[in-house]
Number of protein chains: 2
Amino acid sequence: MLEGPRVVDGALDRGARLDAIYLGSGAMRAFAPLVQRAVATGARVAELKEGVLEKLGTTRTPQPVLAVASITPRSLDDLATRGTLLVTVDLGDPGNLGTIIRSAEAAGTAGVVACGNSVDLYNPKVVRSSAGAMFGTATFGTVVVEQGDPMATLEELGRRGWRRLGASADGGEPYDEVDLVDACALVVGNEARGLGPELDDCLDGSVTIPLNPPAESLNVAMAATVVCFEAARQRRAAGVAP
Amino acid sequence: MLEGPRVVDGALDRGARLDAIYLGSGAMRAFAPLVQRAVATGARVAELKEGVLEKLGTTRTPQPVLAVASITPRSLDDLATRGTLLVTVDLGDPGNLGTIIRSAEAAGTAGVVACGNSVDLYNPKVVRSSAGAMFGTATFGTVVVEQGDPMATLEELGRRGWRRLGASADGGEPYDEVDLVDACALVVGNEARGLGPELDDCLDGSVTIPLNPPAESLNVAMAATVVCFEAARQRRAAGVAP
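Conventions used here
Residues numbered from 1 in each chain as written. Chains lettered and ligands numbered in written order. Predicted model: local features only at pLDDT ≥ 70, side-chain atom pairs only at ≥ 80, totals over all residues. Heavy atoms only, no water. Helix = DSSP H or I, 4+ residues; strand = E, 2+ residues; numbered from the N terminus. Rg over C-alpha atoms; globule rule 2.2 N^0.38 Å. Buried < 20%, exposed > 50% of the residue type's maximum accessible area, 1.4 Å probe, protein only. Areas by Shrake-Rupley, 256 points an atom, 1.4 Å probe, with all protein chains shown as cover. Axes fitted to C-alpha atoms, helices over the stretch in contact; angles between N-to-C directions. Parallel < 35°, antiparallel > 145°, perpendicular 65-115°, else oblique. Left-handed = near helix turned anticlockwise from the far one by under 90°. Contact = heavy atoms within 4.5 Å. Nonpolar A, V, L, I, M, F, W, Y, C, P; charged D, E, K, R; others polar. Expected span 1.5 Å × (residues − 1). Polar contact = N/O pair within 3.5 Å; in protein donor to acceptor, adjacent residues only side chain to side chain. Pairing = 2+ DSSP bridges. Patch = residues over 30% accessible without salt bridge, like charges linked within 9 Å, V, L, I, M, F, W, Y side chains within 5 Å. Salt bridge = Lys/Arg side-chain N within 4 Å of Asp/Glu carboxyl O. Buried area = accessible area lost by both parts, 1.4 Å probe.

Across its full length, chain A holds eight helices and eleven strands. Computed over C-alpha atoms, the radius of gyration of chain A comes to 19 Å, within 12% of the 18 Å expected from 2.2 N^0.38 for 242 residues, which places it in the range of a compact globule. For chain A, the spread of C-alpha atoms along the three principal axes comes to 55 × 35 × 30 Å. A burial count over chain A gives 53% of its 242 residues as buried. For chain A, the accessible area works out to roughly 10500 Å², and carbon and sulfur atoms hold 49% of it.

It is worth spelling out the packing of helix H1 (residues 5–13) of chain B against helix H3 (residues 32–40) of chain B at this point. For any two helices packed against each other, the geometry is given by the interaxial angle and the distance between the axes. All names here are of chain B. Packing of H1 against H3 brings their axes to within 11 Å, and their N-to-C directions diverge by 40 degrees. If you check the angle between H1 and H3, you find them oblique. Our pair here, H1 against H3, has a crossing hand that is left-handed. Between H1, through Pro5, Val8, Asp9, Leu12 and Asp13, and H3, the contact on the second element is made entirely by Leu34, Arg37 and Ala38. Of the residues belonging to the contact of H1 with H3, the class tally is five nonpolar, no polar and three charged.

Our focus in this paragraph is helix H5 (residues 94–106) of chain A. All names here are of chain A. The end-to-end C-alpha distance of H5 is 18 Å, a good match for the 18 Å that 13 residues give at a rise of 1.5 Å each. Looking at where H5 begins, the residue whose side-chain oxygen comes 2.9 Å from the main-chain nitrogen of Gly95 is Asp93. Among the residues trailing H5, Gly108 stands out with phi positive, at a value near 80 degrees.

All names here are of chain B. Judged by pairing direction, the sheet is parallel, and its seven strands sit side by side in the order E7-E6-E5-E10-E8-E11-E9 without closing on themselves. One side of each edge strand has no neighbouring strand; the edge strands of this open sheet are strand E7 (143–146) and strand E9 (173–174). Examined bridge by bridge, strand E5 (residues 84–89) and strand E10 (residues 184–188) share five bridges and lie parallel to one another. Bridge assignment links Thr84 to a residue of E10, and that residue is Cys184.

This part is about a nonpolar patch on the surface. Residue and element names in this part refer to chain A. Taken together, the side chains of Met28, Val39 and Val45 present a nonpolar region at the surface, about 210 Å² in accessible area. Mapped onto the elements, Val45 comes out in strand E3 (residues 44–47). Its relative accessible area of 33% is what places Val45 among the partly exposed residues.

Listed by partner, the interface residues are 35 residues for chain A and 35 residues for chain B. Between chain A and chain B, the buried area comes to about 2800 Å², and carbon and sulfur atoms account for 59% of it. Put simply, chain A and chain B have four salt bridges between them. One salt bridge connects B:Arg233 with A:Glu230, and the closest N-O pair in it is separated by 4.0 Å. Viewed at the interface, chain B and chain A are joined by six residue pairs in polar contact (both at pLDDT 80 or more). Only helix H1 (5–13), H5 and helix H8 (220–238) of chain A provide two or more residues apiece to the side of chain A that touches chain B. With eight residues, the top contributor of residues to the side of chain A that touches chain B is H8(A). Partitioning the side of chain A that touches chain B into residue classes produces 16 nonpolar, eight polar and eleven charged.

Below you can see the structure in the form of C-alpha cells.
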C-alpha cells in the first residue's frame, strides 16, 4: 500500500505498476495528472466516500490518495555486481528502513538487502519513508531485496565478490579512511543491539564513524546515510560512476 | 518531559537537572542506578500505579521511566564562535528536529538554532529523538537555541562572523567542495518547501548534496546529517578540533 501523492508519484517515476488508486473527496481534481499516470499503468480508480479513506490509511494525517501495487520480489541475482550495497540486519523500525532505502538510492547505492528478523519490507511506513525508492530497478534506482538468514546472506555476498564491512559504534576503521569506491557491502545492525558477534566470521572488516563526546551513537539510518554518501563522495573524487 | 530510560540517561550524561522521575511497575529495581543518578540531581521520585504511566506518556509503546526537567533557555550568546552551526527554519516534524540535534552533536557541531515557525523545541518527541543531546552545553555537547524570525536570526549570525550557507536541493555548490572547516552556519528549511527565496539576502552561499537519479530529494534530517559529518571529516583532515 502506497499512502500519499508523493509516494505514488515516486513509485510511478520508477516504473511501478499500480493495481488500484483510491481517491478521497476532491482528490480526482486536485491530483488529476497523478491519476492519469496511474491509469496509464493499468490502475483501477476508485473514488471513496467521505470517511472511508481515513479508515484505510495508517497515517495520523489522512492522505488524500492511496494506491496498491503488486510486489515484485527481487533476489540477489537482480543486483549489480559493482558499486555499494547496503545490508540491514534485524532492523526493527519501519521509518529507519524506509529512510535507509531513500538515502541509499540518493547516494547511488546499487542495492539494499534487508535480512534477518527485519520489519516487513512492505510495511506501509517503510514504503512511505522510502518516498518511492522501494520501487527502484537495476537500471533506474536501487534494487531492494528481502533475504532471510544474515549469515547465509553475507556468505553468499562474499562469494559474489563483495567486501563486507560491518558498521560498528567503535573499534572499526574510520569510515572516511576506508576505500569505499567499489564492491563494498556496508552492513548495519539492529537499532538497539547493533551487529551480533556471530556475524564476525562473515565480515571482511568493520568501519566506525568517529563521534564527538558526549554522543555515543547515531541513529542507524543516519549512520547508514553518512557512510553511503561518503562512498558517493569517494566515487565522485575518483571519477567513477555510481 | 523525557520519555524512556535512554533519554533520561542521555540528559543526565550532559548534566541536566531533573525535577522529577516517574517510575512504572518494577522500574525502581530495574533502573536503580538511573534513579540514583536522578535523585543526585535533586529529582523527586514517584512510583506510579499500574496504568498511570501509560496515560502520561506520548509513545505508542509505554516507557517504564519518565522524567521532567526544567527548561534552561539558551540564546545566541551561549554559542561558541567557531566550528559549525546548524540552523533550521520552519522545521515541522519533531522526529526530524530531534534527529538533527542528535546528529549535529555527534558530528561536533557547536550549536543548533531552531528558528521560524518550528515545531516546539520541547515537544516530547524532539527530546526523545535527540537521545538526550537537547541537554548539551557549550562545554559538553551542542547548545540548542530557539529563535524567532529567521531573517533577523541569520542577519545576527552574519554580524557575528558566521558564513551562512543554505542547503538547497539543487543549484548550490557541491557540499564536499566547500570549505566547511570553520565558522559555517548551515541553514536547512522546511520539509516540504525548503528555504524560501526571502532568505536569499541573508545567506552567503548555498550548498547542494549531489543526488543520484531518480532520487530528487533527501529527508531534511539526512541532508543535515550528511553535511555536518562532511564538516567533521574536513576538520579531522585539517587537524582542527571540533
